[in-house]
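Examination of the molecular architecture
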Protein chains: 2
Amino acid sequence: MNLTHIEHIGIAVKNLGESIKYYEDVLGLTCYAVEEVADQKVKTAFFMIGQTKIELLESTEPDGPIGKFIEKKGEGIHHIAFATTNLKEALKSVEGKGIQLIDKEPRKGAEGLNIAFLHPKSTNGVLTELCEH
Amino acid sequence: MNLTHIEHIGIAVKNLGESIKYYEDVLGLTCYAVEEVADQKVKTAFFMIGQTKIELLESTEPDGPIGKFIEKKGEGIHHIAFATTNLKEALKSVEGKGIQLIDKEPRKGAEGLNIAFLHPKSTNGVLTELCEH
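In this text, all values refer to a predicted model and were calculated from it rather than measured experimentally. (Residues numbered from 1 in each chain as written. Chains lettered and ligands numbered in written order. Predicted model: local features only at pLDDT ≥ 70, side-chain atom pairs only at ≥ 80, totals over all residues. Heavy atoms only, no water.)

A word on the overall build of chain A. Counting its secondary structure elements, chain A contains three helices and eight strands. Traced from its N-terminal end to its C-terminal end, chain A shows the element sequence β-α-β-β-β-α-β-α-β-β-β. Over its C-alpha trace chain A gives a radius of gyration of 15 Å, about what one expects of a compact globule, namely 14 Å for 133 residues. On the principal axes, the C-alpha backbone points of chain A span a range of 45 × 30 × 25 Å. Buried positions account for 55% of the 133 residues belonging to chain A. Intrachain contacts of chain A at a sequence separation of at least 6 include 51% that bridge at least 24 residues. As presented, chain A carries roughly 5900 Å² of accessible surface, and 48% of it is formed by carbon and sulfur atoms. Averaging the locations of the 15 positively and 20 negatively charged side chains of chain A gives two centres separated by 7 Å. (Helix = DSSP H or I, 4+ residues; strand = E, 2+ residues; numbered from the N terminus. Rg over C-alpha atoms; globule rule 2.2 N^0.38 Å. Buried < 20%, exposed > 50% of the residue type's maximum accessible area, 1.4 Å probe, protein only. Contact = heavy atoms within 4.5 Å. Areas by Shrake-Rupley, 256 points an atom, 1.4 Å probe, with all protein chains shown as cover. Lys, Arg positive; Asp, Glu negative; His and termini not counted. Charge placed at Lys NZ, Arg CZ, Asp CG, Glu CD.)

See the structure below:
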């Protein structure tokens, strides 16, 4: 298990345009990409700060995971993603320690990364993503 | 406004000992400090990963901010802290852009940092901390 840094922080927002404005105009960050991830029913916007990305997530459908999250909890921080140098091995390691996985195998996420989610029931309520470049 | 990196991610937990075990044994991080911040009614545990700290927060009193957060939302990610090179100037800048501040002036936080919180009403639901070493 080799986690190197926080790859990104995922934030659920109602309106991508308004939120981009806040991160750019108020916090002074720069949105360098907007991307739709169809199978997750989200539109995403990315900002870089140090080693870490802020990933804003707007639901494209009310029944998508982000739509449901906002309905239940409101806008806010949705997940943390840790960068790992070997995702398959990391998944095997955490599963061997009794952690429940949402994704048993790596899948493709935004920006072409290999990603997998751990279940928040096993991680003290923090939806946790592992990802590999 | 000069934000350099994500200084830490604050995570509300019910039981600091159990959560430290998860971050150490499962994710392979090392807890390098445990500290009580009496005026915030929390006990904190710190882990370093890349440029960023994970700050676990356990309430020492049910009526503290973390106790109330867990009662309302359950365990999970509580706030993000951005590092800035000039906190006073940063606060002046965001306030000038209509952002509601929880702390109008810097105050002392964990690890001796100067810190101030922005109100989540102004920041798309994300409790946002600015901090300066």
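Next comes the rest of the write-up.
All names here are of chain B. Residues of helix H1 (residues 16-26) that are buried: Leu16, Ser19, Ile20, Tyr22, Tyr23 and Val26. Among the residues of H1, the N-terminal cap falls to Asn15, whose side-chain oxygen and the backbone nitrogen of Gly17 are separated by 3.0 Å. Where H1 ends, the next residue or the one after it, Gly28, has phi of about 80 degrees, a positive value. (Polar contact = N/O pair within 3.5 Å; in protein donor to acceptor, adjacent residues only side chain to side chain.)

A few words on the relation of the copies chain B and chain A. What connects the two chain copies is a rotation about an axis and a shift along it. The transform that puts chain B on chain A rotates by 180 degrees and translates by 0.0 Å along the axis, for an RMSD of 0.0 Å. This pairing of chains is accounted for by a two-fold axis. Interface overlap between copies: 100% of the residues of chain B at the interface are likewise at the interface in chain A, consistent with a symmetric, same-surface contact. (Least-squares fit on C-alpha atoms with pLDDT ≥ 70 in both.)

Next up on the list: the interface of chain B and chain A. Taken together, the contacts link 35 residues of chain B with 35 residues of chain A. Counting the surface lost from both chain B and chain A, the interface buries some 3100 Å², and carbon and sulfur atoms represent 68% of this. Of all residues in chain B, Tyr22, Ile77 and Asn124 of chain B bury the most surface against chain A, accounting for 20% of the area lost on that side. Summed over the shared surface of chain B and chain A, the number is zero salt bridges. The interface formed by chain B and chain A holds seven residue pairs in polar contact (both at pLDDT 80 or more) in total. Only strand E1 (3-13), H1, strand E4 (52-59) and strand E5 (76-84) of chain B provide two or more residues apiece to the side of chain B that touches chain A. (Buried area = accessible area lost by both parts, 1.4 Å probe. Salt bridge = Lys/Arg side-chain N within 4 Å of Asp/Glu carboxyl O.)

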